[in-house]
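Survey of secondary and tertiary structure
Spelled out from the first residue to the last, the chains are:
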Amino acid sequence: MLAKTLHGFEDLLAKELRNLGAGNVTQGVRTVFFEGDKGFMYKANLCLRTAIKVLKPITSFTIRQQNDLYNQIYAMDWEAFMTKDQTFVVDTVLLSDEFSNSLFVSQKVKDAIVDKFRDQYGTRPSVDTKHADIRINIHIQGSLCHVSLDSSGASLHHRGYRLATNIAPINEVLAAGLLLMSGWDGRSDFLDPMCGSGTFLVEAAMIACNIPPNINRKEFCFKNWRDFDQELYDKIVEASLNKAREFHFKIKGYDKAPSAVMKAKDNVENAGLSEYITIEEKSFFDSKKETDAHLHMVFNPPYGTRLQIDMPKFYGQIGDTLKQNYPGTEAWFISSNMESLKHVGLRTSRKIKVYNSQLESRFVKYEIYSGSKKAKHQAAD
């Protein structure tokens, strides 16, 4: 099988797969290949935090011209994978000189499948681009065509807990990946001081408690496959939940917008995590660290793309607040506003290139020391 992920998250996903028990884990570009049985495929969809899709390859063949694609797809035993009464959709990725139009390829594949069923049964399955029962993935690289079944369906960032979002919500897979990249392991208090709709808070709690990230999700495409085993799936869900652990620290979120606080609380409640997460209506710039122990902070401040803010001043306030009010804190945040990052006024101890949707961004880390190390380590760049 193969799991797709975001740019730069390949190492994280490979580690997750190995920890889950996958065999033969090898990395590609935004892809990690692995081996496992049917139960492991269910577990991968339920438990992987940094995967967007889990695909199951079913065949590969060489194509020299466009008719080869139709003929090879038509020749496949589609009845082994779907019925004439199910809906389907074709997703195509191209890295080929011969084929350059993904819509054209998807149409050709669709025609071949529809014609095969019509010739056999006199009736045909329908295409549904939004909620298809079966998703077929075509990947053409050069003259080699790989055909896979998409076991996930909708992207795995659709966890099922987020009912409401704000102007610029962070993708759940991106949030989980950034938390893992930051070293968050649930062994300290956690704060998101600009929590928006609460995505970092929920993902942080699920990591801390080892709760499967997609436990709230109702739909996976593999549930529509002819070989779906409900009893096996229920066992995988139960076994995954049994690995949950206790969490003995605090996870807290602040936001100055009352509407954001309400949305975040609704999402946290929907995820069933209210006992672990507290959310307050508060400006980060008016806040102080509430513990003498180590604090882990991850947040997603405005970049200036959607909200009109004096960005240099705003980022300067982030730096001042961290320096003055948050000793003994490991603070991470993501931003695509490279110019404003220069105004934080603190030296970064890590700077990682990531993408938030299409925006090239930096995930930056600031170690805020308490006591004598402060002056030495926090001279401004």
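Everything below is about the structure shown above.
A short tour of the structure in this document, coming up. These figures come from a predicted structure and were not determined experimentally. Numbers given to residues run from 1 along each chain, matching the order in which its sequence is written. Side-chain atom pairs in this predicted model are given and counted only at pLDDT of 80 or more, local residue features only at pLDDT of at least 70, and totals for whole chains, interfaces and linings cover all residues. In computing side-chain properties, one takes all heavy atoms of the structure into account and sets aside hydrogens as well as water.

**Concerning the packing of aromatic side chains**
- Only the six-membered ring of Trp is used, alongside the rings of Phe and Tyr, when aromatic pairs are assigned; centres must lie within 6.5 Å, and planes under 30 degrees apart are stacked while those over 60 apart are edge-to-face, with the rest tilted. Tallied over the entire structure, the rule returns 24 aromatic pairs.
- Ring geometry for Tyr315 versus Phe333: centroids 6.0 Å apart, planes at 65°, classification edge-to-face. Of this pair, Tyr315 sits in helix 9 (residues 311-325) while Phe333 is found in strand 12 (residues 329-335), placing the two residues 18 residues apart along the sequence.
- Of the residues examined, Phe333 reaches a relative accessible area of 0% and is grouped as buried.
- Connected via pairs of aromatic rings, a cluster forms that spans Phe284, Phe285, Phe299, Phe314, Tyr315, Tyr326, Phe333 and Tyr366.
- Just above the ring of Tyr121 sits the side chain of Lys84; from NZ or CZ to the centre is 5.8 Å.
- For a ring to carry a charge above it, either NZ of a lysine or CZ of an arginine must fall within 6 Å of the ring centroid while also lying within 35 degrees of the normal to the ring plane. Its end group placed over the ring of Tyr74, Lys116 keeps NZ or CZ at 5.4 Å from the ring centre. For helices the rule is a DSSP run of H or I covering at least 4 residues; for strands it is a run of E covering at least 2, with both sets numbered from the N terminus onward. Per-residue accessibility, obtained with a 1.4 Å probe over protein chains only, is compared with the maximum for each type, and a residue is labelled buried under 20%, exposed over 50%, and partly exposed between these values.

**So, the pairing of strand 5 (residues 88-95)**
- Across eight bridges, strand 5 lies against strand 6 (residues 134-141) in parallel orientation. Looking across to strand 6, one finds that Val89 is bridged to Arg135. For two strands to pair, DSSP has to find at least two bridges joining them.

**A short note on the nonpolar core**
- Of all hydrophobic cores here, the largest spans 60 residues; its most connected members are Leu178 and Leu273.
- Looking at this core, the element that brings in the most residues is helix 6 (residues 199-209), giving nine residues.
- In terms of nonpolar packing, the next biggest core, distinct from the first, is built from 50 residues, Ala3, Ala112, Val114 and Phe228 among them. To qualify as a nonpolar core, a set must consist of buried Ala, Val, Leu, Ile, Met, Phe, Trp, Tyr and Cys residues joined through side-chain atoms within 4.5 Å.

**Details of the environment of Leu20**
- For Leu20, the position within the fold is in helix 1 (residues 10-20).
- Sequence-wise, Leu20 and Asp189 are 169 residues apart; in three dimensions their C-alpha atoms are separated by 26 Å.
- Whether two residues are in contact is decided by their heavy atoms: any pair within 4.5 Å suffices. When neighbours within four sequence positions are excluded, Leu20 is seen to be in contact with Phe40, Lys43, Ala44, Cys47 and Leu48.

**Considerations on the sheet that holds strand 9 (residues 251-255)**
- The sheet built from seven strands is open, its strands ordered 10-9-8-11-12-14-13 with mixed pairing. The sheet is open, and its two borders are formed by strand 10 (277-281) and strand 13 (350-356), each paired with just one other strand. Between one strand and the next, the sheet's axes are offset by a mean angle of 20°, whatever the strand orientation. Here, axes are lines fitted to C-alpha atoms. For helices the fit covers the stretch in contact, and angles between N-to-C directions go from 0 to 180 degrees.

**Focus on unusual backbone geometry**
- Its identity is not glycine, yet Asn24 carries a phi of approximately 50°, on the positive side.
- Look at Asn210: it is not a glycine, yet its phi comes out positive at around 55°.
- Relative to the helices and strands, Asn210 is located in the loop between helix 6 and helix 7 (230-241).
- Asn210 gets classed as partly exposed once you look at its relative accessible area, which sits at 28%.

**Focus: the side chain of Thr50**
- Looking at where Thr50 falls in the secondary structure, it is placed in the loop between helix 2 (38-47) and strand 4 (53-62).
- Residue classification places Thr50 among the buried positions, given a relative accessible area of 0%.
- Leave out the neighbours within four places in its chain, and Thr50 touches Lys4, Thr5, Phe9, Leu12, Leu13, Glu16, Val173, Gly177 and Leu180.

**Description of the environment of Arg162**
- The residue Arg162 is located in the loop between strand 7 (144-150) and helix 5 (172-181) in this model.
- Using a relative accessible area of 22% as the deciding quantity, one classes Arg162 as partly exposed.
- Residues in contact with Arg162, not counting those within four places in the same chain, are Pro169, Ile170, Glu172, Ser197, Thr199, Asn267 and Asn270.
- A polar side-chain atom of Arg162 sits 2.7 Å from the main-chain carbonyl oxygen of Ile170.
- In terms of polar contacts, Arg162 uses its side chain to reach the side chain of Thr199, at 2.8 Å. N or O atoms closer than or at 3.5 Å make up a polar contact, with two conditions inside protein: a donor-capable atom paired with an acceptor-capable one, and, for residues adjacent in sequence, both atoms drawn from side chains.

**Considering the state of the cysteines**
- We call a pair of cysteine sulfur atoms a disulfide whenever their separation is within 2.5 Å. The tally for this structure, following the rule as stated, stands at zero disulfides.
- The thiol of Cys145 is unpaired, and the distance to the nearest cysteine sulfur, on Cys221, comes to 19 Å.
- Relative accessible area serves as the criterion here: at 0%, Cys145 is assigned to the buried category.
- Summary of cysteine pairing: Cys221 is not part of a disulfide, and the nearest cysteine sulfur, belonging to Cys47, is at 19 Å.
- Residue Cys221 is classed as buried on the basis of its relative accessible area, which comes to 4%.

**Details of the sheet that holds strand 2 (residues 23-27)**
- Spatially, seven strands are ordered 2-3-1-4-7-6-5 in an open sheet, and the strand pairing comes out mixed. For this open sheet the edge positions go to strand 2 and strand 5, each flanked by a neighbour on one side alone. Averaged over all adjacent pairs, the angle separating strand axes in this sheet is 30°, with direction ignored.
- On top of the sheet, helix 4 (residues 102-121) reaches strand 5 and strand 6; it is set at about 140° to strand 5, its chief contact.

**What to know about helix 9**
- The span you would expect from a helix comes to 1.5 Å times its residue count less one. With 15 residues, helix 9 extends 21 Å from end C-alpha to end C-alpha; this agrees with the ideal 21 Å at 1.5 Å per step.
- Contacts from the buried residues of helix 9 go to strand 11 (295-299), strand 12, helix 10 (338-341) and strand 14 (359-368).

These figures capture arrangement, not role.
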